[in-house]
Amino acid sequence: MSATEAMPARAEAPADQAALLSVEDLKLDLRDEQGWVRVLDGVSFDIKPRETLGVVGESGCGKSMTALSVMQLQSPRYSRLDGRINFQGRDLLKLSRRQMSRIRGRNISMIFQEPMSALDPVFTVGAQIRETVQCHFDVSKREADERAIEALDSVGIAAPREIAKLYPMSLSGGMRQRVMIAMALVCEPDLLIADEPTTALDVTIQSQIMDLLLNLSQKRGTAIMFITHNLALVSQNCDRMITMYGGQIIEGGPVDDVLSKPLHPYTKGLVHSVPDAGRERGTLNAIPGRVPSLRAMPPGCRFEPRCPHATTICAREVGIEDIGNRQIRCHRWQDLTSITGGAQ
Amino acid sequence: MSSRQTESSASTGVPAVSVQDMTVSFGRSRTLVRAVDGVSFTVAPGEIFGIIGESGSGKSTLGRAAVGMVTPSGGEVRHGAVDPFALSRQQLNAHRRKYQIIAQDPNAAFNPRMTILESVMEPMYIAGMGNRAERRERALAMLDTVALSPEMSARYPHDLSGGQKQRANIARALVLDPEVLVCDEVVAALDVSIQADMLNLFWRLKRDFNLTYLFISHDLNVVSHISDRVAVMYFGKIMEIGPADEVMNRPLHPYSEALRSAEPEIAAYQARARERIILQGEIPSALNPPSGCRFHTRCPRAVEMCASNEPEQRELAPGRFVACHFAEEMLARFAPEGGGQKHESVG
Ligand SMILES: Nc1ncnc2c1ncn2[C@@H]1O[C@H](COP(=O)(O)OP(=O)(O)OP(=O)(O)O)[C@@H](O)[C@H]1O
Ligand SMILES: Nc1ncnc2c1ncn2[C@@H]1O[C@H](COP(=O)(O)OP(=O)(O)O)[C@@H](O)[C@H]1O
Ligand code: SF4
Ligand code: SF4
Ligand SMILES: [Mg+2]
Ligand SMILES: [Mg+2]
C-alpha cells in the first residue's frame, strides 16, 4: 500500500516569540587520556516553540556534543559544562540531577542515529515505553501500557499490540527508529532532539520517518532540534539552521537564506559539494584538507587552514556577529559578498 | 546538463563485463535466499555502470559475483571473453588483479600494525610483483596519485581520517593495475565535502587509467552524478536499466520513480511543496519473495494482475530496459519532447 502525499507544510516562521530553548556561550570540556580538551567553545543559539532548527557540519564538529550537553547526558567526571542553557525560563545547568531527570524524557527528549544505543535489548519494546510513561506520570501499569500501544500506533506501526511484545533485536532498522520515536514522543515533550535519526536508513525509509516526525511534531506543537549532515534534509524540513565547525557555530539563519546565499566560506563549500547529476564529472567542489584536531585548532579563524579566502587578518580570533536574522563568524564576509554577490 | 556521451555504448567491442541471467543463492531449501535472481547486463570497457537500490536488494552480492568473488548458482559471467569460473587457480590469481572490488569499510582492508605504505605494498608482494624497492616505488607513486603525501604513508591506519583511509584503500587496488573496479558504497561513510573530493578522484582515475567501474551505491545523487548508465535493483532483480540522466529525470519504473521522489534535495521553499511519493512498508523478507511483480506489495501503481503476473523486461527505447506492466504508459507521460524538467539547484 502506498500513498501520494504533499509535503507537510512547515509552520509559519514563528514571529518574535520568546525562545523555548536558549543556549548562551556554552563551553564543554571533555577529559580523555591526554587530559582536558575544549570540545564546544562559545555555542549560542535559540529554538522557538514549534520551530524546527537544523544543525549541520562535518563529522566531529560538535553536533552530538551540543545535543548531549542540553540533555546533560555526559558523565560529570569526564566533562565540564559552562554557560547557560535556558529552557522554559530555567537555567538547566543550575538544576539538581533529580530536577534534570524529571525534564529529560518529559519536556525534552532525544532520538539517536543508532536506535540500539537507546533501546534495552533485554526488555520488550512495550515494557520500555511503559517504563518511560510511569517515570513521568502517576498512572497505573495498565494505563501506561495503553499509552505505549497508542504511541506505537501513532508512529504507523500496523499491529502495535503484537510489536509491543517483541524485543528490539527482532525489528528492522526502520521499525526500531519508529519505536524510538514513539518512546520519545509518548510524554509529549516540548522539545525533541533528533541526532541523525535517518542516517543509517535507506532514502525510502528516511522519507517515511521524516514525514512521521514532522507530522507528529506539528500536530503536538513540538519544537525539533534536527542534527544531520544532509543539507537537503535540512532544506526540506527545517525553519532555521546553524552550521558548526570545530566546536563553534560559524553561521546561522533561516534555511532558505542560508542555503541560497551562504555567507561563510565553509557553508558555501558544503552547499556546493553536494553531488548532482547535472554537474560535469570531476568538477564537484570539495573542501580541501580536514578539520584540525581539537588540540591543534588554529588560534584565529578555525577554518583558516582550509579556507580559499584566508588572508593575514584571519589569523586573528573572530567572534560571531549578528546581522539581522542571521549570524556569521568570518572576518571577511562583507568583502566576500560584495565580490561575489553573495550567492556564488 | 553534462554532455554525457557513452563512448562505450557506441563501440562494438567485447564488453568488459557481461552477466547473463545470473542467479546467486545462499542457504538451502527452507532457508534459501536468492540474493540475485536472474540478472543480465553488460558493461563496456571504460564505462561507469551504476547500481542503485535499497539495502538488501542484492547490490553487493551482484558486485561480488560480477568479479568472481562469489560463485553464481546459475547463469554466466564473462570478463571480456574469459569465463572467470573456468580458470585454473593459477590463472585465477593473475586474473583477479584485473577485476577488483573496493568495499565500503576501508578499515577491513588494513592491518592496524602495518603502516599505510606497507599495506599498499602488500598486494604486490602476494602477487609476486617486482622486488622490494620496485614495490615501494610503485606504492609511493600510487599514494601520490590518490593525493596522499609520503608523510601519510608512514602513518598507521588509525591516524588517518575515513577519507584518507579510503584513498589508501584505492591505492592498494591500483598498484595491481586493474581494468575493472567494483566500487561498493565507497563514499557512503564520508562527509559530503570529502565525498565530493573522492568522486572527483574516481573520475580522474577512470580517465587516467582507462578503468571500467561498477559503481554501487544506495545514494541516487552519487550514482547519477558519476555513472554513464544505471541499473535499479529491487529484491534481487533489475527493475530498470538506462542512461543515468534518463533514469533520473524520466524514470519508467514505479520503483525508480519512488526512489527519485524520496531523495531530498536542496530547493527553495515553493519547490519543496511538490508532491512526493512516500513508499509504504519495507523491502519484504528475503525468505518470502512476493508473487508476481516483486514490487507489488509497495508499488503505488499496482493492480490486481501485478500480484500474479511477473512483468517481462522490455526495451522501451534504445538502451532502456524496464520490467513493469505499465512501462509503456509511464513512457507515454514523457512523450512530448522535453518532459523532464530539471530542478533548479541552489547557489
Ligand atoms: N569522551 C571524549 N573525550 C574527548 N573528546 C571527545 C570525546 N567525545 C567526543 N569528543 C570529541 O568531541 C568532538 C565533537 O564530537 P561530536 O560527537 O559532537 O561530533 P559530531 O558533530 O556529532 O560528529 P558526527 O557527525 O560524526 O556524529 C569530536 O572532535 C570528538 O572527537
Ligand atoms: N553470505 C550470505 N548468506 C546469506 N544471505 C546473504 C549473504 N549475503 C547476502 N545475503 C542476503 O542477500 C540479500 C542481498 O544482500 P546484499 O547483496 O548484501 O544487498 P545490498 O548490498 O543491496 O544491501 C539480503 O537478503 C542478504 O541478507
Ligand atoms: S575568517 Fe578568513 S579564513 Fe575564516 S572563513 Fe573568513 S575568510 Fe576564511
Ligand atoms: S508491474 Fe505492477 S507492481 Fe510491478 S512495478 Fe509495475 S505497476 Fe508496480
Ligand atoms: Mg554525532
Ligand atoms: Mg551492500
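**Some thoughts on the overall build of chain A**
What chain A contains, in helices and strands, is 11 helices and 13 strands. Taking 20 Å as the expected radius of gyration for a compact globule of 344 residues, we find that chain A reaches 21 Å, a close match to that expectation. C-alpha extents for chain A along the principal axes are approximately 65 × 50 × 40 Å. Going through the 344 residues of chain A one by one, you find that 56% of them count as buried.

**Some remarks on the sheet that holds strand β3 (residues 35-47) of chain A**
Residues and elements named next belong to chain A. The 4 strands are arranged β3-β2-β5-β6 in an open sheet whose pairing can be described as antiparallel. At either end of the open sheet lies a strand with only one pairing partner, and these are β3 and β6 (90-91). Relative to β6, strand β5 (residues 79-87) runs antiparallel, the two sharing 2 bridges. Counted as the bridge partner of Asn86 is Asp91 from β6.

**Section: unusual backbone geometry**
Residues and elements named next belong to chain A. In this model, Gln72 sits at a positive phi of 50°, which is unusual for a non-glycine residue. Looking at where Gln72 falls in the secondary structure, it is placed in the loop between α1 (63-71) and β5. Of note in the backbone geometry, Gln88 takes a positive phi value of approximately 45° without being a glycine. With respect to the helices and strands, the residue Gln88 is situated in the loop between β5 and β6. Given the relative accessible area of 42%, Gln88 is considered partly exposed.

**With respect to the site of ligand 4**
In the neighbourhood of ligand 4, 13 residues make up the surrounding shell, with B:Cys293, B:Cys299, B:Cys306, B:Cys324 and B:Phe326 lying closest. Its residues placed into classes, the shell around ligand 4 shows 9 nonpolar, 3 polar and 1 charged.

**Digging into the sheet that holds strand β9 (residues 223-227) of chain A**
Residue and element names in this part refer to chain A. As summarised here, the arrangement of the 8 strands in space is β7-β8-β9-β4-β10-β11-β13-β12, forming an open sheet in which the pairing is mixed. Bordering the open sheet on either side are β7 (108-111) and β12 (321-323), each of which pairs with just one other strand. Averaged over all pairs of adjacent strands, the angle between their axes in this sheet comes to 20°, without regard to strand direction. Inspection of the sheet shows strand β10 (residues 240-245) paired to strand β11 (residues 248-254) by 6 bridges, in the antiparallel sense. Note on β11: the bridge partner recorded for Thr243 is Glu251. Relative to the sheet, α1 contacts β4 (52-56), β7, β8 (191-195), β9 and β10, its axis offset from that of β7 by approximately 145°. Along the sheet face, helix α7 (residues 203-220) touches β4, β7, β8 and β9 and points at about 155° away from the line of β9.

**Notes on the pattern of salt bridges**
Under the definition given, this model contains 32 salt bridges over all chains. Ionic pairing is found between A:Arg302 and A:Asp41, a salt bridge with its closest N-O pair at 3.0 Å. With A:Arg302 in the loop between α10 (265-272) and β12 and A:Asp41 in strand β3, this residue pair connects regions lying 261 residues apart in the sequence. Its salt-bridge partner being B:Arg172, residue B:Glu122 comes within 2.7 Å of it at the nearest N-O pair. Pair noted here: B:Glu122 is in helix α4 (residues 116-126) and B:Arg172 is in helix α7 (residues 162-174), with a separation of 50 residues, a long-range link. Here B:Arg172 falls in the buried class, since its relative accessible area comes to 18%.

**Section: helix α5 (residues 132-145) of chain B**
Residue and element names in this part refer to chain B. Relative to the 20 Å expected for 14 residues at 1.5 Å per residue, α5 spans 20 Å between its end C-alpha atoms, a close match to the ideal helical length. Every buried residue of α5 is accounted for by Arg135, Ala139, Met142, Leu143 and Thr145. Each buried residue of α5 sits inside an arc of 150° when the element is viewed along its axis, so together they form one side. Within α5, the exposed residues directed more than 90 degrees away from the buried face are Ala133, Glu137 and Asp144. Where α5 is buried, its residues touch α4, α6 (150-153), α7 and α8 (192-209). Between the side-chain oxygen of the N-cap and the backbone nitrogen of Ala133 there are 3.1 Å, and the N-cap of α5 in question is Asn131. Of the residues one or two after α5, Ala147 is the one with positive phi, at around 65°.

**Quick look at the confidence of the model for chain B**
Residue and element names in this part refer to chain B. Predicted confidence across chain B gives a mean pLDDT of 88, with 91% of residues reaching 70 or more. Within the model, the stretch residues 5-11 combines pLDDT values under 50 with 7 contacts to residues more than four positions away or in other chains. Here residues 338-347 is modelled with pLDDT under 50, and outside its nearest four sequence neighbours on either side it reaches 21 contacts, counting other chains as well. Scoring the predicted complex yields pTM 0.86 and, for the interface, ipTM 0.80.

**Section: the pairing of strand β11 (residues 314-317) of chain B**
In terms of strand pairing, β11(B) meets strand β12 (residues 320-322) of chain B through 3 bridges, oriented antiparallel. Pairing of B:Ala317 across the sheet is with B:Arg320, part of β12(B).

**Thoughts on the confidence of the model for chain A**
Residue and element names in this part refer to chain A. With 93% of its residues at a pLDDT of 70 or more, chain A shows a mean pLDDT of 89. In this model, residues 1-14 is a region of pLDDT below 50 whose contacts with residues beyond four sequence positions or in other chains number 47 contacts. In this model residues 339-344 is a low-confidence stretch, pLDDT under 50, and it forms 13 contacts with partners more than four residues away in sequence or in other chains.

**A look at the site of ligand 1**
Residues and elements named next belong to chain A. The immediate surroundings of ligand 1 are formed by Leu30, Asp32, Val39, Ser59, Gly60, Cys61, Gly62, Lys63, Ser64, Met65, Glu196 and Leu294. Within the side chain of Ser64, an N or O atom sits 2.7 Å from an oxygen atom of ligand 1. At 2.8 Å from an oxygen atom of ligand 1 is found a main-chain nitrogen or oxygen belonging to Met65. Here ligand 1 has 650 Å² of accessible area as a free molecule, and 67% of this is covered by the chains.

How each quantity is defined
Residues numbered from 1 in each chain as written. Chains lettered and ligands numbered in written order. Predicted model: local features only at pLDDT ≥ 70, side-chain atom pairs only at ≥ 80, totals over all residues. Heavy atoms only, no water. Helix = DSSP H or I, 4+ residues; strand = E, 2+ residues; numbered from the N terminus. Rg over C-alpha atoms; globule rule 2.2 N^0.38 Å. Buried < 20%, exposed > 50% of the residue type's maximum accessible area, 1.4 Å probe, protein only. Pairing = 2+ DSSP bridges. Near = heavy atom within 4 Å. Nonpolar A, V, L, I, M, F, W, Y, C, P; charged D, E, K, R; others polar. Axes fitted to C-alpha atoms, helices over the stretch in contact; angles between N-to-C directions. Contact = heavy atoms within 4.5 Å. Salt bridge = Lys/Arg side-chain N within 4 Å of Asp/Glu carboxyl O. Expected span 1.5 Å × (residues − 1). Arc of directions from axis to C-beta. Polar contact = N/O pair within 3.5 Å; in protein donor to acceptor, adjacent residues only side chain to side chain. pLDDT = per-residue confidence, 0-100. Areas by Shrake-Rupley, 256 points an atom, 1.4 Å probe, with all protein chains shown as cover.

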